[in-house]
Amino acid sequence: MTRLIRWLIALASVAVLGVFVFPLWRVTLEAPQYPEGIGMLIHVNGVTGISEHDLDNINGLNHYIGMARIEPDAIPELRMMPWIALAITVTGLLVAWRGNRGVFIAWALTVLGTLCLGVYDFWRWEYNYGHNLNPDAAIKIPGMAYQPPLFGRKQILNFVATSFPDTGGWLLIAAAAAIGAALLVVLLGRRTPVARAIGAAVPLARSAALITVMILATSCAPDAPRALVAGTDECAQCRMMITDARFGGEVITRTGRVLTFDAVECLADYVNAADTTALRGVWVSDFEHPGIWVRAEDAVFIAGATLSTPMGRSLLALGATASPEAATRRYGGRATTWNALLHTTRPHTSSIDGGSAELRAH
């Protein structure tokens, strides 16, 4: 085998180790009662919730419709997969080092067959969970099955189930593609047009892999809020259409979902009732500079402003550099902080109670 093919085999083998660092698969559920979504991550050796209580919530929902609990310790594949991944890497590096054509062909066919078998086993696992239902379940719908999709989106009752590979899964797919390409070159021979095309594409693949690593690294950073679209976006708390983006806010969940709000009070009501571990960031619009977003904990808030606000509680947010004294002279009311606002704001109240922390001049 050529040095290029051997390097491709070695890189693919090392890429498999990514499953020990990143989750393999991500399954999420979205519904009106879970607007921020709940979900689970499938790792090479376990299953966890995307947020702290997600797996318990999923098991609770499953109980009502007769599905078995998801118990990671009871899934034998999770005990075998780490050893399989490690064996693929070690044997792949040995194959790349030896460079024996026959050994490589046998190894590649075994690895690709094992990965295909793993995908089928995952589908079968989903099938069993979604079809083998407890006949004594609280909710029984004749003919209904609850198998989530293997890949894509699917409506299940009032939930939208989404299932896609996570970072570890994409690394495994990339490794399988590289092994398949190397196998094709070895089987067809170096002089065929297909082999030459694959050989020419390898340098591009290396560059693409570097770019992918950079994208994955930057994707770990918190998501930024997006612009509100008046007349289109809906408030996640009160379900009213957003008509004035100056008073708006946004929540970004751990799953990357963006929730929009038409007013500071709706945003505060939502955060007060939410599981804060499921929230990645809370943002408010700078009233004086529409389109500029400020983290809620950094903003200056005015309670009791003389302006008419969407929900009538006279709340507005300003940028972190705004002068509280100047703001209260301009808009009336009093200056307060996000934490104080959360403590004094309650759903369905008509005003902000006393006790908010006054801000000194910046």
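All of the points below concern the structure found in this document.

Rules and cut-offs
Residues numbered from 1 in each chain as written. Predicted model: local features only at pLDDT ≥ 70, side-chain atom pairs only at ≥ 80, totals over all residues. Heavy atoms only, no water. Helix = DSSP H or I, 4+ residues; strand = E, 2+ residues; numbered from the N terminus. Buried < 20%, exposed > 50% of the residue type's maximum accessible area, 1.4 Å probe, protein only. Expected span 1.5 Å × (residues − 1). Phe/Tyr/Trp six-rings, centres within 6.5 Å; stacked < 30°, edge-to-face > 60°. Axes fitted to C-alpha atoms, helices over the stretch in contact; angles between N-to-C directions. Left-handed = near helix turned anticlockwise from the far one by under 90°. Contact = heavy atoms within 4.5 Å. Nonpolar A, V, L, I, M, F, W, Y, C, P; charged D, E, K, R; others polar. Patch = residues over 30% accessible without salt bridge, like charges linked within 9 Å, V, L, I, M, F, W, Y side chains within 5 Å. Areas by Shrake-Rupley, 256 points an atom, 1.4 Å probe, with all protein chains shown as cover. Salt bridge = Lys/Arg side-chain N within 4 Å of Asp/Glu carboxyl O. Pairing = 2+ DSSP bridges. Core = buried A, V, L, I, M, F, W, Y, C linked by side-chain atoms within 4.5 Å. Polar contact = N/O pair within 3.5 Å; in protein donor to acceptor, adjacent residues only side chain to side chain.

**Comments concerning the overall build of the chain**
Right, so step 1: Each helix and strand in the chain was counted, giving 9 helices and 12 strands.
Right, so step 2: Burial analysis of the chain (362 residues in total) assigns 44% to the buried set.

**Here's the deal with helix α3 (residues 77-98)**
Right, so step 1: Over its 22 residues, α3 extends 31 Å from the first C-alpha to the last, a length consistent with the 32 Å expected when each residue adds 1.5 Å.
Right, so step 2: Those residues of α3 lying buried are Glu 77, Leu 78, Pro 82, Ala 85, Ile 88, Thr 89, Gly 92, Val 95 and Ala 96.
Right, so step 3: With its phi angle positive at about 70 degrees, Gly 99 sits one or two positions after the end of α3.

**What about the packing of aromatic side chains?**
Right, so step 1: Considering all chains together, one arrives at 12 aromatic pairs under this definition.
Right, so step 2: For the pair Phe 247 and Phe 287, a centre-to-centre distance of 5.1 Å together with 50 degrees between the ring planes defines the contact as tilted. In this pair, Phe 247 sits in the loop between α6 (193-219) and β6 (249-253) while Phe 287 sits in the loop between β8 (279-285) and β9 (293-295), placing the two residues 40 residues apart along the sequence.
Right, so step 3: For Phe 247, a relative accessible area of 4% corresponds to the buried category.
Right, so step 4: We classify Phe 287 as buried; its relative accessible area is 8%.
Right, so step 5: Members of the aromatic cluster, each reached through a chain of ring pairs, are Trp 25, Phe 122, Trp 125 and Tyr 129.

**Section: the packing of helix α4 (residues 101-131) against helix α5 (residues 167-188)**
Right, so step 1: At a minimum axis distance of 10 Å, the contact between α4 and α5 shows a crossing angle of 145 degrees. In terms of crossing hand, the pair formed by α4 and α5 is left-handed. Residue-level contacts link Arg 101, Phe 104, Ile 105, Trp 107, Ala 108, Leu 109, Val 111, Leu 112 and Leu 115 of α4 to Leu 172, Ala 176, Ile 179, Gly 180, Ala 182, Leu 183, Val 186 and Leu 187 of α5.
Right, so step 2: For the contact of α4 with α5, the class distribution of residues is 15 nonpolar, 1 polar and 1 charged.

**A look at a nonpolar patch on the surface**
Right, so step 1: Judged by side-chain polarity, Val 14, Leu 17, Phe 20, Val 21, Phe 22, Trp 83, Leu 86, Val 90, Leu 93, Leu 94 and Trp 97 come together as a nonpolar surface patch covering roughly 1,100 Å² of accessible area.
Right, so step 2: It is α3 that provides the largest number of residues to the nonpolar patch, a total of 6 residues.

**Regarding the pairing of strand β10 (residues 300-303)**
Right, so step 1: Residues of β10 alternate between two faces, with Val 300 and Ile 302 on one and Phe 301 and Ala 303 on the opposite face, all of them buried.
Right, so step 2: Pairing geometry for β10 and strand β11 (residues 315-318), over 4 bridges, is antiparallel. In the strand pairing of β11, Phe 301 is matched with Ala 317.
Right, so step 3: Bridge analysis of β10 against strand β12 (residues 334-336) gives 3 bridges, and the strand direction is antiparallel.

**Describing the sheet that holds β10**
Right, so step 1: Taken together, the 3 strands give an open sheet; going across it, the order is β11-β10-β12, and neighbouring strands pair in antiparallel fashion. Each edge of the open sheet is held by one strand with a lone partner, namely β11 and β12. Ignoring strand direction, the axes of neighbouring strands in this sheet form an average angle of 30 degrees.

**Observations regarding the nonpolar core**
Right, so step 1: Ranked by size, the top nonpolar core spans 27 residues in total, and within it Ile 9, Phe 104 and Trp 107 carry the most contacts.
Right, so step 2: For this core, the secondary structure elements donating two or more residues are α1 (3-15), α3, α4 and α5.
Right, so step 3: When residues in this core are grouped by element, the largest group, 8 residues, is from α5.
Right, so step 4: Ignoring any residue separated from it by four or fewer positions in sequence, one finds Trp 107 in contact with Ile 9, Ser 13, Ile 88, Thr 91, Gly 92, Val 95 and Ile 179.
Right, so step 5: Of all hydrophobic cores here, the second largest spans 25 residues; its members include Val 251, Phe 261, Leu 267 and Phe 301.

**Some remarks on unusual backbone geometry**
Right, so step 1: Phi angles above zero are rare outside glycine, and Arg 239 is one such case at about 65 degrees.
Right, so step 2: With respect to the helices and strands, the residue Arg 239 is situated in the loop between α6 and β6.
Right, so step 3: A positive phi angle is found at Ser 314, which is not glycine, with a value near 60 degrees.
Right, so step 4: For Ser 314, a relative accessible area of 18% gives the class buried.

**Some thoughts on the environment of Arg 226**
Right, so step 1: Structurally, Arg 226 can be placed in the loop between α6 and β6.
Right, so step 2: Residue class for Arg 226 comes out partly exposed when judged on its relative accessible area of 34%.
Right, so step 3: Note: C-alpha distance between Arg 226 and Ile 252 (26 residues apart in sequence) is 9.9 Å.
Right, so step 4: In this structure, Arg 226 is in contact with Asp 233, Glu 250, Val 258, Thr 260 and Trp 293, ignoring residues within four places of it in sequence.
Right, so step 5: Within the structure, the side chain of Arg 226 is placed 3.0 Å from the side chain of Asp 233, a separation counted as a polar contact.

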